[in-house]
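A closer look at the structure
Each chain is listed here by its residues.
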Amino acid sequence: MSKPAAGAVFGPEDTHAQSPSAGGVIGTGGQGKIDGLSKIVGTAQFVADMTLPRMAHAKLLRSPHAHADIVSIDTTAAAAMPGVLGIMVGTDLPTKHGAIPVAQDETALAVGKVRYIGEPVACVAATTELAAREAARAIVVQYAPLDAVMTIEDAISADKPLIHPEARKPSNVLRRVFQSHGDVDAGFEAADAVLEETYEYPGSTHVPLEPHAALAAPNPDGGLQIWSSTQNPHYVHKTLARVLGLREADIRLIKPAVGAGYGGKCDTFVSDLCAAHLAITLQRPVRLAKTKTRRRRAAAKNGTPAPTRARSPSTCASAGLKILRNLPLAGRFRTAHACSVKRRGQEIDISIRRTAESSCGAWPRSRAITVSRRRRRAAEEEAKFSRKRRSAS
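Residues numbered from 1 in each chain as written. Predicted model: local features only at pLDDT ≥ 70, side-chain atom pairs only at ≥ 80, totals over all residues. Heavy atoms only, no water.

**Comments concerning a nonpolar patch on the surface**
The condition that has to hold: By definition, no residue in a patch forms a salt bridge, and every one has over 30% relative accessible area; like charges are joined within 9 Å, nonpolar side chains (Val, Leu, Ile, Met, Phe, Trp, Tyr) within 5 Å. For the area figures, the Shrake-Rupley method with a 1.4 Å probe applies, and any residue is considered shielded solely by the protein chains shown. Criterion for a salt bridge: a side-chain nitrogen of Lys or Arg within 4 Å of a carboxyl oxygen of Asp or Glu. In DSSP terms, a helix is any run of H or I states spanning at least four residues, a strand is any run of E spanning at least two, and both are numbered starting from the N terminus.
Nonpolar side chains collect at one region of the surface, where Leu37, Ile40 and Val41 lie side by side and expose about 310 Å² of accessible area between them. Examined against the element boundaries, Val41 turns out to sit in helix α1 (residues 36-41).

**Details of the environment of Cys274**
With respect to the helices and strands, the residue Cys274 is situated in helix α7 (residues 270-282). Sequence separation between Cys274 and Lys59 is 215 residues; the distance between their C-alpha atoms is 9.5 Å.

**Describing the nonpolar core**
Condition: The set of buried Ala, Val, Leu, Ile, Met, Phe, Trp, Tyr and Cys residues whose side-chain atoms join them within 4.5 Å is what this entry labels a nonpolar core. The classification of residues rests on relative accessible area computed with a 1.4 Å probe and restricted to protein chains. Under 20% of the type maximum is buried, over 50% is exposed, and intermediate values are partly exposed. Two residues qualify as a contact provided that any one of their heavy atoms is within 4.5 Å of a heavy atom in the partner residue.
The biggest cluster of nonpolar side chains holds 29 residues, and the ones touching the most others in it are Cys123, Ile226, Leu240 and Cys274. Counting only elements with at least two residues in this core, the list comes to β1 (56-62), β5 (120-126), β9 (213-218), β10 (224-228), α6 (233-244), β11 (251-254), α7 and β12 (286-289). In terms of residues, this core owes the most to one element, α7, which gives seven residues. Each residue touching Cys274, except ones within four places of it in the same chain, is listed here: Leu60, Met88, Leu109, Cys123 and Leu288. One finds Leu61, Ile70, Val114 and Ile139 within the second-largest nonpolar core, a separate group that totals 16 residues.

**A short note on the environment of Ala125**
Following the sequence through the fold, Ala125 ends up in strand β5. Owing to a relative accessible area of 0%, Ala125 belongs among the buried residues under this scheme. Taking the C-alpha atoms as reference points, Ala125 and Val286, separated by 161 residues in sequence, lie 7.3 Å from one another.

**Overview of the sheet that holds strand β4 (residues 113-114)**
Worth spelling out the cut-off: The criterion for strand pairing is that DSSP finds at least two bridges linking the strands in question.
One open sheet accounts for three strands, arranged β4-β2-β6; its pairing is antiparallel. Whereas interior strands pair on both sides, the edge strands pair on one side only; in this sheet they are β4 and β6 (140-145). Here strand β2 (residues 68-74) runs beside β6; their pairing, made up of six bridges, is antiparallel. Residue pairing for β6: Ile70 is matched across the bridge by Tyr143.

The following block contains the structure:
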């Protein structure tokens, strides 16, 4: 392999057309990674590395119950501990938000009840991380445990309590989508063999090197500046403005280097909302950085594909070609996954159900609805074209 020409420049400068690299190096010609050099040499700034003068550290208290009413929260002892600057609970920031219009049922911290193990209940800001952590442990929360809705069968049972009784349509079935393509009954009749099996996906969570973190600082003019380890800064910016009651113009959101996300940093997280609220309340910078252990233990709102089950009768013709799938598919807590492979005949019945397991993120949660909308738009376009053709004739 030939050596690079003398004076060749690599790294961020390589992305500029004015200074292309020369000869013998993969990825030359303006295809370099913009942030590659800073990450390789260790100069990239991640939120958890950042500090500001007078910065406070925030830590969360999480629920030990899968489903319970919150009877009371006593922060007296925690507030009196050395170094504690402020404590917030769910009622301090009760505005609901969510990744999609049909699921606007989330709050920064639990309000009135907890719905999964690890749901944040309170947030403490202190002069050190240790002081914040110890104060969070000193908060006394009295719970009244409720029956947990842990399985898909629980979610459709009339004997189990509602996860969101305040919803416009009270039900643990959040959404149902039915799609049919081809003649399903005829496909089963003509099949040489019908195979039926239940497939289960146990759920998973993303494990980026960098945990979720946010650093918020108030501006003298009443606005807010926030650094967030997010993959979706515009969405987080809009949600922060709505939940905090500020104009979007009053918030400046900065996305620094992000240590991976894999789709798990697309939503607005408790770290963003609590750091921002405490920064405004205390009028000083506040940073909330999750640890990897606690983030995995309460893998809520991290883009987590939740457990999914599919009962699938599939047919095969003599040539071995699968010609039909009948896929009743159920997913827990606002998520479902649909098979999008085109077949001669196919039915998909998606039921998106709430359970008391930790919630999931925007990508899997919105996929079923996106599929449904695409089909509807395609049908509308086809009908529109048909009307034009008839009028022309």
